[in-house]
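Summary of the model geometry
Listed below are the residues making up each chain.
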Amino acid sequence: MAKSVTFPDSEPLKEPLVHGKKNGGKRIDYKAQAQRLRAQRQALPIYSARQAIIQKITDNPTVIIVGETGSGKTTQIPQYLLESGFTVKGQTTIAVTQPRRVAATSIAKRVAEEVGTPLGGRVGYTIRFEDCSSAYTQLRFCTDGLLLREILADPLLRRYSVVVLDEAHERTLRTDILLGMLKDIQRERARVARLNRDAVPETAEPDHRSRGTHMKFDNSGDQGTSGVGDSGTRVVDETHGDVTGLDDLRIVVMSATLDAERFSEYFDNAPILYVAGRQFPVSTYYTTTPQADYLDSAHLAALQIHMETPSDSGDILVFLAGQEDIENVERLLVESAANLPNGAPALLPCPIFAALPQAQQSKVFDPAPEFTRKVILATNIAETSLTIPGIRHVVDSGVHKVRGFDPRVGESLLVEPISKSSARQRTGRAGREAAGFCYRLYTEADYAQLAEDSVPEIKRCQLSMVVLQLKASGVRDVLKFDFMDRPSKKALKHALLELYALDALDDLGELTKLGKWMAEFPLEPTYAKVIYASVSAGCTREAIDIVSLLSVDSLFYVPADKRDESNAAQMAFRSSEGDHLTYLNLLRAFNKVNGDKIWCQEHFVNRRNVKHVLDVRQQLNRLCTRLGIDTELSCGTDLANVLRCFLAGFFHNCALLQPDGTYRSLNGSQIVHIHPASSLFGKKTPAIFFDQLVFTNKLHARAVSAVDAVWIAQAAPKLYGRMLATSQK
Ligand code: CDP
Ligand code: MG
């Protein structure tokens, strides 16, 4: 008998949904496009607050804006600033940061349409490994990580007149660091701007086209008798070059949840603006019993909704944990969609996740063809960052993927239950345009057990990358940095130690030349170190290839019903040394056939992801070339050196085989298991290193390779020197 997910009282919908005309149809020209969207813009709840918002931002250096998801914060507020002269063409830009790449790119696309300009012109975006902006871009959407990196090159962010920090409630690691950096930059810019103003002769009129020049500061940090050292630590004097004409920096912090006081307090009691939203009632259903396999349940729930409600009763949005989940459910749905009973409306699965190419993202926003219902499969990207029109049904798996960190184990990527606050946000997505329905794939009792809020990322993850960036941006003493939520001293010290072990910091905790070099890379310092080591080892080509390959979730498809076939196909690429070289073999084979679609299908290769790998590789090549590295330096078939280079960065992620047949991590004596998807699964080799740990039912090492234990000791003499001495006796 077919399994089914049962929701008590789930009834077919009665009232029809008013779908509304979306931005469909043929694009005629940019102006006409903008004209068409104008009415939509003016119908958004935020429109009535336009004047108040502009005024508040004019009068205050920092403003916190809180508004329900979908009220128009992200797409409208940056435009209001643009329309009100907060930037000067060719001189200053407004930055809008997003925690996620997909949000940055898709919102930029939408806003460019609304403004009536080609993407990359007046409105553009820049994300890691992709830049779609020009010298004329006045509104730039970017990831929070990208803006952080810009501070390295431009410590006062001189080109920006306003920074809008969006989705601040998510409290990602990078948003939190950015909050601290921006606060410091704002204070310093206010100081410089004051000096500039004082130096300007009376007759010189400020340029009134740029609002930034005649802003009045309410609380500009005048109390700062200690000057630059206010936040304790950052050394910016003499590093920011020509500062003539530099203006104050305006900061707008936007959040979708109500807990805005914390942000306000942090920014010297900055004013908070609440924007009313529009929310229709959503009926929520729970499963009667806990679900053993949420992917299966999600697939069945989507099908059930599709079959039991009229197809014009709105699209379905399914929340899953990550790309792998999404691709699994996508495959299941594609199969089911092909086998729907005669006469049933069609079902169109539309995935959306971080690594999805821009071209495929728009499918989510485009209206479905006639007699077709979209099932959008999303990560928590669709929780608050993206508002997808037409959704009336939400299926909530109740899980998300979070980065975790335990100094004894290292960094891990875990699938964990969401918080109540996330569950409520997910539910809200069903009631944006009319009353909706939310199906939670967990029991009501399980819901009651969920935490109220998620813990800010900074409290629970690996800090070495941000500590390196802080150091490279001139923050001498990271322990004294003005964090909104302070990470534990232990975690900070651990990051400092790791950077020391990687030779990024010296004995005094100062950034080394190598550390500075590593900070240039938009990569975890471990990967940057690998690339560094590859130069003297003569295998930069291979190192960059493998680092790029590791930037995606999965390179192969392993459909549940074709596991054996998929495994057999993967054998063609297998290296006895493990996954890193297996991936490299795959990339070489992929390039040989030019990424042929049929070939990918036959070999169960995830073509979408390998193409992303090629993009990343191209960007890394470009960066390395800029740094004077020969990216074509190759070791050919002599690949042992490549693995040794990886150890230069990954000596923390090593495990040794024990007499009882288990692997124990070198730095914490935790038992780790080789992931079933690894080419080393079931094999016994004396020493391994791995790319990451994933906790499912036990601790699994993913992307694993076999190495010589002595190499590990040689790679990290500061840590394992003694072990080296013993093994040489
Ligand atoms: O940021 P916030 O959640 O407040 O709202 P927003 O992202 O600015 O979205 C405002 C409105 O624009 C929503 O009603 C979306 O449905 C619409 N929108 C759209 O139709 N297409 C997009 N690509 C983006 C937004
Ligand atoms: Mg938004």
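Residues numbered from 1 in each chain as written. Chains lettered and ligands numbered in written order. Predicted model: local features only at pLDDT ≥ 70, side-chain atom pairs only at ≥ 80, totals over all residues.

Focus on the overall build of the chain
What counts here: Strands here mean DSSP runs of E at least two residues long; helices mean DSSP runs of H or I at least four residues long; both are numbered from the N terminus. Burial is judged by counting the other C-beta atoms within 10 Å of a residue's own C-beta: 20 or more makes it buried, 12 or fewer makes it exposed, and any count in between marks it as partly exposed, with every C-beta position built from the backbone. By definition, residues are in contact whenever their C-beta atoms, placed on the basis of the backbone, come within 7 Å of each other.
Scanning the chain from terminus to terminus reveals 25 helices and 21 strands. Residues counted as buried form 48% of the 729 residues belonging to the chain. Considering only intrachain contacts with a sequence separation of at least 6, the fraction spanning at least 24 residues in the chain is 75%.

Observations regarding the site of ligand 1
In plain terms, the rule: What makes a residue near a molecule or strand is its C-beta atom, placed from the backbone, lying within 6 Å of it. Side-chain classes follow a simple rule in which Ala, Val, Leu, Ile, Met, Phe, Trp, Tyr, Cys and Pro form the nonpolar group, Asp, Glu, Lys and Arg form the charged group, and the remainder, Gly included, forms the polar group. Where each domain starts and ends follows an automatic or database-derived domain assignment.
Of all residues adjacent to ligand 1, which total 15 residues, the nearest are Lys 73, Thr 74, Thr 75, Arg 110 and Thr 387. At the level of elements, helix H3 (73-83) and helix H4 (101-115) are the ones that each hand at least two residues to the shell around ligand 1. Broken down by element, the shell around ligand 1 gets its largest block of residues, 4 residues, from H3. For the shell around ligand 1, the class distribution of residues is 3 nonpolar, 10 polar and 2 charged. In terms of domain composition, the shell around ligand 1 takes at least three residues from each of domain 1 (25-201 + 250-275) and domain 2 (282-458).

Looking at the sheet that holds strand S12 (residues 372-378)
To keep things clear, this is the line we draw: DSSP bridges decide pairing: two strands pair if at least two such bridges lie between them. Inter-axis angles, ranging from 0 to 180 degrees, are taken between N-to-C directions of lines fitted to C-alpha atoms, where helices are fitted over the stretch in contact.
Strand order in the open sheet formed by 6 strands is S9-S16-S13-S10-S12-S11, with parallel pairing between adjacent strands. Each of the sheet's edge strands pairs with one partner strand only, and the pair in question is strand S9 (282-286) and strand S11 (346-352). Between one strand axis and the next, the sheet turns by 20° as a mean value, whatever way the strands run. On top of the sheet, helix H8 (residues 294-308) reaches strand S10 (315-319), S11, S12, strand S13 (391-396) and strand S16 (436-440); it is set at about 165° to S10, its chief contact.

Some words on the environment of Gly 72
Mapping Gly 72 onto the fold places it in the loop between strand S1 (62-67) and H3. On the basis of neighbour counts, which here come to 23 C-beta atoms within 10 Å, the residue Gly 72 falls in the buried class. C-alpha of Gly 72 to C-alpha of Leu 550: the two residues are 478 residues apart in sequence and 36 Å apart in space. Beyond its immediate sequence surroundings of up to four residues, Gly 72 is in contact with Leu 44, Pro 45, Ile 46 and Tyr 47.

Some details on unusual backbone geometry
Non-glycine residue Arg 171 carries a positive phi angle of around 50°. For Arg 171, the position within the fold is in the loop between strand S6 (160-165) and helix H6 (173-199). Here the phi dihedral of Asp 268 falls at roughly 50°; this positive angle occurs in a residue that is not glycine. Mapped onto the elements of the fold, Asp 268 is located in the loop between helix H7 (261-266) and strand S8 (272-275).

Quick notes on H8
Definition in use: In this scheme, a helix's expected span is set at 1.5 Å multiplied by one less than its residue total.
With 15 residues, H8 should cover 21 Å at 1.5 Å per step; its first-to-last C-alpha distance of 20 Å lies within 8% of that length. Residues of H8 that are buried include every one of Tyr 294, Ser 297, Ala 298, His 299, Leu 300, Ala 301, Ala 302, Leu 303, Ile 305 and His 306, and no others.

Side note on the domain arrangement of the chain
We note that the domain assignment places domain 1 (25-201 + 250-275), domain 2 (282-458), domain 3 (463-520), domain 4 (526-646) and domain 5 (651-729) within the chain. The C-alpha-based centres of domain 2 and domain 3 are spaced at 38 Å.

A short note on the pairing of S11
For clarity, the threshold we go by: By convention, a crossover is right-handed whenever its connection, traced from the first strand over the helix to the second and viewed with the strands pointing away, goes clockwise.
Along S11, 5 of the 7 residues are buried, which leaves the element largely enclosed by surrounding structure. Summarising the sheet, S11 and S12 pair through 7 bridges and their orientation is parallel. Residue pairing in the sheet places Ala 346 in a bridge with Thr 372 of S12. In terms of handedness, the path from S11 via helix H10 (residues 358-365) over to S12 forms a crossover that is right-handed.

A closer look at the confidence of the model for the chain
The cut-off we apply is this: Confidence of the prediction at every residue is given by pLDDT, a number between 0 and 100.
For the chain, the average pLDDT comes to 86, and 88% of its residues sit at 70 or higher. Considering only residues more than four positions removed or in separate chains, one finds that residues 8-28, a stretch of pLDDT under 50, has 26 contacts. Low pLDDT, under 50, characterises residues 204-232; the predicted model gives this stretch 48 contacts beyond four residues in sequence or across chains. This complex was scored by the predictor with a pTM of 0.83 and an ipTM of 0.99.

Observations regarding H4
Counting along an α-helix, one turn takes 3.6 residues, and residues three or four places apart therefore face a common direction. End to end, H4 covers 21 Å across 15 residues, agreeing with the expected 21 Å (1.5 Å per residue, within 8%). Burial of H4 is extensive: 15 of the 15 residues sit out of reach of the surface. One or two residues past the end of H4 sits Gly 116, with phi positive at roughly 90°.

A short note on the nonpolar core
Quick reminder of the rule: The nonpolar core criterion groups buried Ala, Val, Leu, Ile, Met, Phe, Trp, Tyr and Cys residues into a set whenever they are joined through C-beta atoms within 7 Å.
In this structure, Val 252, Val 318, Ile 376, Leu 647, Ile 688 and Ile 712 are the most contacted members of the largest nonpolar core, which totals 190 residues. If one sorts the elements of this core by residue count, H4 sits on top with 8 residues. The contacts of Ile 688, once residues within four sequence positions are left out, are Cys 654, Ala 655, Tyr 663, Leu 680, Val 704, Ser 705, Ala 706 and Val 707.

Some words on the sheet that holds strand S5 (residues 139-143)
Strand order in the open sheet made by the 8 strands is S4-S3-S5-S2-S6-S7-S1-S8, with mixed pairing throughout. Both outer strands of the open sheet, strand S4 (130-132) and S8, are each paired with one neighbouring strand and no more. Taken over all neighbouring pairs, the strand axes of this sheet differ in orientation by 20° on average, direction set aside. By the bridge criterion, 5 bridges tie strand S2 (residues 93-98) to S5 in an arrangement that is parallel. Of the residues in S5, the one forming a bridge with Ile 94 is Leu 139. Running at roughly 100° to S5, helix H5 (residues 144-153) makes contact with S2, strand S3 (123-127) and S5 of the sheet.

Let's talk about the packing of H3 against H4
How two helices pack is summed up by the angle between their axes together with the distance between the axes. This is how the line gets drawn: Put simply, angles under 35 degrees are roughly parallel, angles over 145 are roughly antiparallel, angles from 65 to 115 are roughly perpendicular, and the rest are oblique. A clockwise turn of the near helix away from the far one marks a right-handed crossing, whereas an anticlockwise turn of less than a right angle marks a left-handed crossing.
Between H3 and H4, the least distance of the axes is 10 Å, while the angle of their chain directions is 50°. In terms of orientation, H3 and H4 fall into the oblique class. In this structure, H3 meets H4 at a crossing whose hand is right-handed. In contact with Thr 74, Thr 75, Pro 78 and Gln 79 of H3, H4 contributes Ile 107, Arg 110, Val 111, Glu 114 and Val 115.

Points about the packing of helix H18 (residues 540-549) against helix H20 (residues 579-592)
Orientation of H18 relative to H20, taken along the N-to-C sense of each, is 95°, at an axis distance of 9 Å. The pairing of H18 with H20 is recorded here as roughly perpendicular in orientation. In this structure, H18 contributes Glu 542, Asp 545, Ile 546 and Leu 549 to the contact, and H20 contributes His 580, Tyr 583, Leu 584 and Leu 587.

Digging into the pairing of S6
Taken across its 6 residues, S6 has 6 buried, putting it largely inside the fold. Here S2 runs beside S6; their pairing, made up of 5 bridges, is parallel. Pairing of Thr 93 across the sheet is with Tyr 160, part of S6. Sheet analysis places S6 next to strand S7 (residues 250-255), joined by 4 bridges and oriented parallel.

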